[in-house]
Amino acid sequence: MGPPNVIKKLSFEAYKVRLVRFNDFSQQKFSENQSLAMASFLSRNDCPTVKNILLLDSEGKRVAVRYYSDEWPTNAAKLAFEKSVFTKTQKTNARSEAEIIILENKIIVYKFVQDLHFFVTGEDDENELMLATVLQGFFDGVNLVLRNNVDLREALENLDLILLCFDEIVDRGIVLETDGSIIAGKVASHSIDDNSPLSEQTITQALAAAREHLTRSLLR
């Protein structure tokens, strides 16, 4: 048996094969029950999971978050965890590349861009490479939907699109997608006009259409 880090790397390579197969499978037309069955097939033993994804501002305040575990049963517990994460990382320099910490027996990978702090949390035995890949995919997707203007103001103005990014990356804690361009494309496709093929629209036009549609929906 090889060193633990080698085992983790091999496990992640096997996971990526499963992830590609699942994405190919999910692109076809399946019923909700079939999709749930496939998600069940990708169990904790088959692929890595994440506990939460956090987007905080430079003061540690919540911008957008998603939790995929019952370990934080109340909003107060979630806010306390977010405060701990921010306090632990605020004095580090995670702007040039992602960094990693262990907090409350969990692995957290994180990256700072402008006045936004990106975090992905996993179990203490989770694959660090996988968590870093999820973090990068999250940032890349957000960067695309914000049209390369990654800052707090743009994030708040486009919060609906960021929340859709969460849904494209992870489902019930299981990682589904880590490619930022695919994540942004799927977010855009949610609200594209059925009479206008994707090939006839730029990504900017598609995202604008998605944002306008979601805004109208919220105002109804």
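Above this note sits the structure.
Residues numbered from 1 in each chain as written. Predicted model: local features only at pLDDT ≥ 70, side-chain atom pairs only at ≥ 80, totals over all residues. Heavy atoms only, no water.

**Q** Quick question: what am I supposed to make of the overall build of the protein chain here?
**A** Along the protein chain, the regular secondary structure elements total 8 helices and 7 strands. When burial is assessed residue by residue, the protein chain has 43% of its 220 residues classed as buried. Sequence-distant contacts, at least 24 apart, represent 52% of the contacts inside the protein chain between residues at least 6 apart. Carbon and sulfur atoms make up 51% of the accessible area of the protein chain, which amounts to about 12100 Å² in all. (Helix = DSSP H or I, 4+ residues; strand = E, 2+ residues; numbered from the N terminus. Buried < 20%, exposed > 50% of the residue type's maximum accessible area, 1.4 Å probe, protein only. Contact = heavy atoms within 4.5 Å. Areas by Shrake-Rupley, 256 points an atom, 1.4 Å probe, with all protein chains shown as cover.)

**Q** What is the right way to read the sheet that holds strand β2 (residues 62-67) from this model?
**A** Consider a sheet: its strands pair through backbone hydrogen bonds, and that pairing is either parallel or antiparallel. Read from one edge of the open sheet, 5 strands run β2-β1-β5-β4-β3, paired in antiparallel fashion. The open sheet has two edge strands, β2 and β3 (99-103), and neither has a second partner. This sheet shows a mean twist of 20 degrees between the axes of neighbouring strands, independent of strand direction. Taken together, the 8 bridges between strand β4 (residues 106-113) and strand β5 (residues 116-123) define a ladder with antiparallel strand orientation. Paired with Phe 112 across the bridge in β5 is His 117. In the packing of helix α6 (residues 159-169) onto the sheet, contacts are made with β1 (52-57) and β2, and the angle to β2 comes to roughly 25 degrees. (Pairing = 2+ DSSP bridges. Axes fitted to C-alpha atoms, helices over the stretch in contact; angles between N-to-C directions.)

**Q** Looking at this model, I keep getting lost on the packing of aromatic side chains. Mind explaining?
**A** Aromatic rings in a pair are described by how distant their centres are and how their planes are angled relative to each other. Throughout the structure, instances matching the rule amount to 8 aromatic pairs. In textbook terms, an aromatic cluster arises when at least three aromatic residues are bridged by ring pairs, as seen for Phe 118, Phe 138, Phe 139 and Phe 166. Over the aromatic face of Phe 139 sits the side chain of Lys 111, whose NZ or CZ is 4.5 Å from the ring centroid. (Phe/Tyr/Trp six-rings, centres within 6.5 Å; stacked < 30°, edge-to-face > 60°. Lys NZ or Arg CZ within 6 Å of the ring centre and 35° of its normal.)

**Q** Sorry if this is basic, but what is going on with helix α3 (residues 75-89) here?
**A** Working note: α-helix, 3.6 residues per turn, so residues spaced by three or four point in the same direction. Here α3 is 15 residues long and its end C-alpha atoms lie 21 Å apart, about the 21 Å a rise of 1.5 Å per residue gives. Of the residues making up α3, those classed as buried are Phe 81, Glu 82, Val 85, Phe 86 and Thr 89. The arc that holds the buried residues of α3, viewed along the axis, is 135 degrees, so those residues lie on one side. Across from the buried face of α3, at angles greater than 90 degrees, the exposed residues are Ala 76 and Lys 83. Those residues of α3 hidden inside the fold are in contact with β1, β2, β3, β4 and β5. (Expected span 1.5 Å × (residues − 1). Arc of directions from axis to C-beta.)

**Q** Teacher, can you tell me more about the environment of Ile 169 here?
**A** Here Ile 169 is to be found in helix α6. Through-space distance from the C-alpha of Ile 169 to that of Leu 135 is 9.9 Å; in sequence the pair is 34 residues apart. Those residues in contact with Ile 169, other than ones at most four positions away along the chain, are Ile 53, Val 134, Phe 138, Ile 174, Val 175, Leu 176, Glu 177 and Ile 183.

**Q** For this particular structure, what's the right way to read the pattern of salt bridges?
**A** Where side chains of opposite charge bring their charged atoms close, a pairing between them can arise. Per the counting criterion, the structure on display carries 9 salt bridges. For Glu 59, the salt bridge goes to Lys 61, with nearest N and O atoms at 3.5 Å. For the pair formed by Glu 59 and Lys 61, the shared burial category is exposed. The shortest N-O distance in the salt bridge between Glu 71 and Lys 106 comes to 2.7 Å. In this pair, Glu 71 is assigned in the loop between β2 and α3 and Lys 106 in strand β4, connecting sequence segments 35 residues apart. Classification of Lys 106 as buried rests on a relative accessible area of 8%. Among the ionic contacts, a cluster of salt bridges with common partners joins Lys 51, Glu 71, Lys 106 and Glu 123. (Salt bridge = Lys/Arg side-chain N within 4 Å of Asp/Glu carboxyl O.)

**Q** Got a minute to help me understand the pairing of β2 in this structure?
**A** In regular strands, side chains alternate between the two faces of the sheet. Here β1 pairs with β2 via 5 bridges, running antiparallel. Paired with Asn 52 across the two strands is Tyr 67, which belongs to β2. The hairpin formed by β1 and β2 contains 4 residues between the paired strands, and Gly 60 there has a positive phi angle of roughly 85 degrees.

**Q** In this structure, what is going on with unusual backbone geometry? I would like to understand it.
**A** The bulk of non-glycine residues show a negative phi, and the bulk of peptide bonds are trans. Phi at Asn 105 is positive, roughly 60 degrees, even though this residue is not glycine. Along the chain, Asn 105 turns up in the loop between β3 and β4. Residues other than glycine seldom take positive phi values, yet Arg 147 does so here, at roughly 55 degrees. Considering the arrangement of structural elements, one finds Arg 147 in the loop between α4 (128-145) and α5 (152-157).

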